[in-house]
Amino acid sequence: MKEKVPTGIPGLDEMLEGGFKKNTNVLIVGGCGSGKSTMAMQFIYNGAKMGHPGVYVTFEEGAEEIRENMKGHGWDIKKMEDENKIRILAIEPQDVMHILRGEYGRIEDAINELGADRVVIDSVTSIEMMIESEFEQRQGVLKLITWLRKSGCTSLMVYEKAVDVHSASNHGNMESIVDGVILLYNLRRGKTRVRALEILKMRGARHMTNLVPYVLEKGITLQPHQTIFGDFVDEKRM
Ligand SMILES: Nc1ncnc2c1ncn2[C@@H]1O[C@H](COP(=O)(O)OP(=O)(O)OP(=O)(O)O)[C@@H](O)[C@H]1O
Ligand SMILES: [Mg+2]
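Residues numbered from 1 in each chain as written. Chains lettered and ligands numbered in written order. Predicted model: local features only at pLDDT ≥ 70, side-chain atom pairs only at ≥ 80, totals over all residues. Heavy atoms only, no water.

Asker: Lay out the overall build of the protein chain with the relevant residues and their values.
Answerer: Secondary structure assignment for the protein chain yields nine helices and eleven strands. Against the 2.2 N^0.38 benchmark of 18 Å for 238 residues, the protein chain shows a C-alpha radius of gyration of 17 Å, consistent with a compact globule. In terms of overall dimensions, the protein chain has a C-alpha envelope of 50 × 40 × 40 Å along the principal axes. Summing over all exposed atoms, the protein chain offers an accessible surface of approximately 10900 Å²; the carbon and sulfur share of this is 49%. (Helix = DSSP H or I, 4+ residues; strand = E, 2+ residues; numbered from the N terminus. Rg over C-alpha atoms; globule rule 2.2 N^0.38 Å. Areas by Shrake-Rupley, 256 points an atom, 1.4 Å probe, with all protein chains shown as cover.)

Asker: With reference to specific residues and values, describe the pairing of strand β10 (residues 212-216).
Answerer: Looking at chain direction, strand β9 (residues 192-202) and β10 are connected through two bridges and run antiparallel. The residue of β10 that forms the bridge with L197 is V212. As paired elements, β10 and strand β11 (residues 220-222) share three bridges and run antiparallel to each other. Residue pairing across strands places V215 opposite T221, the latter belonging to β11. (Pairing = 2+ DSSP bridges.)

Asker: I'd like a description of unusual backbone geometry, backed by residues and values.
Answerer: With an omega dihedral of 5°, the bond running from D122 to S123 counts as a cis peptide bond. Even without a glycine there, the phi angle at N23 is positive, about 65°. As for its position among the elements, N23 is in the loop between β2 (20-21) and β3 (25-30). Judged by relative accessible area, which is 25%, N23 ranks as partly exposed. Phi is positive for N84, close to 60°, though the residue is something other than glycine. Accessibility expressed as a relative area gives 42% for N84, which makes it partly exposed. (Buried < 20%, exposed > 50% of the residue type's maximum accessible area, 1.4 Å probe, protein only.)

Asker: So what's going on with the pattern of salt bridges? Residues and values would help.
Answerer: Taken as a whole and judged by the stated rule, the model has ten salt bridges. Residues K71 and E68 are paired through a salt bridge, measuring 3.0 Å at the closest nitrogen-oxygen approach. Separated by three residues within a single helix, K71 and E68 lie in helix α3 (residues 63-71), roughly one turn from each other. We note a salt bridge from D179 to R149, for which the minimum N-O separation is 3.0 Å. In this pair, D179 sits in the loop between α9 (174-177) and β8 (180-189) while R149 sits in helix α8 (residues 134-150), placing the two residues 30 residues apart along the sequence. For R149, a relative accessible area of 28% gives the class partly exposed. When salt bridges that share partners are traced, they join E64, R67 and E81 into one network. (Salt bridge = Lys/Arg side-chain N within 4 Å of Asp/Glu carboxyl O.)

Asker: How would you explain the side chain of S155 if you had to name every residue and give the values?
Answerer: For S155, the position within the fold is in strand β7 (residues 154-160). Setting aside chain neighbours within four positions, we find S155 in contact with T24, N25, V26, V119 and L148. (Contact = heavy atoms within 4.5 Å.)

Asker: For the nonpolar core, give the residues involved together with the corresponding values.
Answerer: In this structure, I121 and M157 are the most contacted members of the largest nonpolar core, which totals 41 residues. With five residues, the single largest contributor to this core is α8. In contact with M157, other than residues within four places in its own chain, are N25, V26, L27, I28, I121, V124, I145, L148, M174 and V178. Counting 36 residues, the second-largest nonpolar core is a separate cluster that includes V5, M70, W75 and I86. (Core = buried A, V, L, I, M, F, W, Y, C linked by side-chain atoms within 4.5 Å.)

Asker: Pulling in residues and values, what's your account of the pairing of strand β6 (residues 118-122)?
Answerer: Counting buried positions over the five residues of β6 gives five, a clear majority of the element. Relative to β6, strand β4 (residues 54-58) runs parallel, the two being bridged by five bridges. Looking at the pairing, Y56 lines up with V120 of β6.

Asker: Describe in detail the environment of Y214, supporting the description with residues and values.
Answerer: Assignment of secondary structure puts Y214 in strand β10. Judged by relative accessible area, which is 3%, Y214 ranks as buried. Expressed as a C-alpha distance, the spacing of Y214 and L142, which sit 72 residues apart in the sequence, is 30 Å. Dropping the residues within four chain positions of it, Y214 is found in contact with S34, L184, Y185, R195, A196, L197, I220, T221, L222 and Q223. A polar contact of 2.6 Å, which involves the side chain of Y214, links it to the backbone oxygen of S34. (Polar contact = N/O pair within 3.5 Å; in protein donor to acceptor, adjacent residues only side chain to side chain.)

Now the structure itself:
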């Protein structure tokens, strides 16, 4: 059996029977503010603590912004960077086209310099926004995924899209290309909101399939044995 890569995210490894499969590419899909970047950084930060350096590629926020935001979760990213356990690569909008064209030099250098085996791409949505043709978008992203799989790294990609609990497949073409899909919901129940995670697919692996509530405080903490009750209203239907 392929080696598992633990995320260290409380509850998630249990759902994944140990973690992600090594060298696979997993997509985190969720609406704005659902905790995608937090979850992605938690994977990198926990890896770094376990002796597995990671590269966080961001098209969304500046490196300083990320360091600042992550402090709120109790993570000293700067310290990890100084120890060469984490590298944040902030790609400017004008340089996104290089990534789409398959020029991964900066990412590759960072992986080699750190000896990294974890990579995050935050987000694919930003890459896609830079290009009009859907065909070229898909081609660019597919090329990136193929390269990531061969890079010796286990990778997480962030995709911003409000997910619909009533529809099994509404995340476009991305979900069929990647090895795994994790959905982050921000559901409304009456006047309150419930955050919940679902593993939609994980190729070649057994995993829990139910909707699992999570709290977003000091990182993401899942409660795999809690059931969600009630009638939900999807973000998209509000
Ligand atoms: N220190 C903190 N403690 C608790 N919750 C926090 C903290 N920092 C952020 N949050 C919550 O996390 C949310 C943002 O998380 P995150 O940036 O990971 O989401 P995202 O899905 O990446 O958002 P975006 O779509 O803007 O990129 C905030 O809206 C807030 O609710
Ligand atoms: Mg984000």
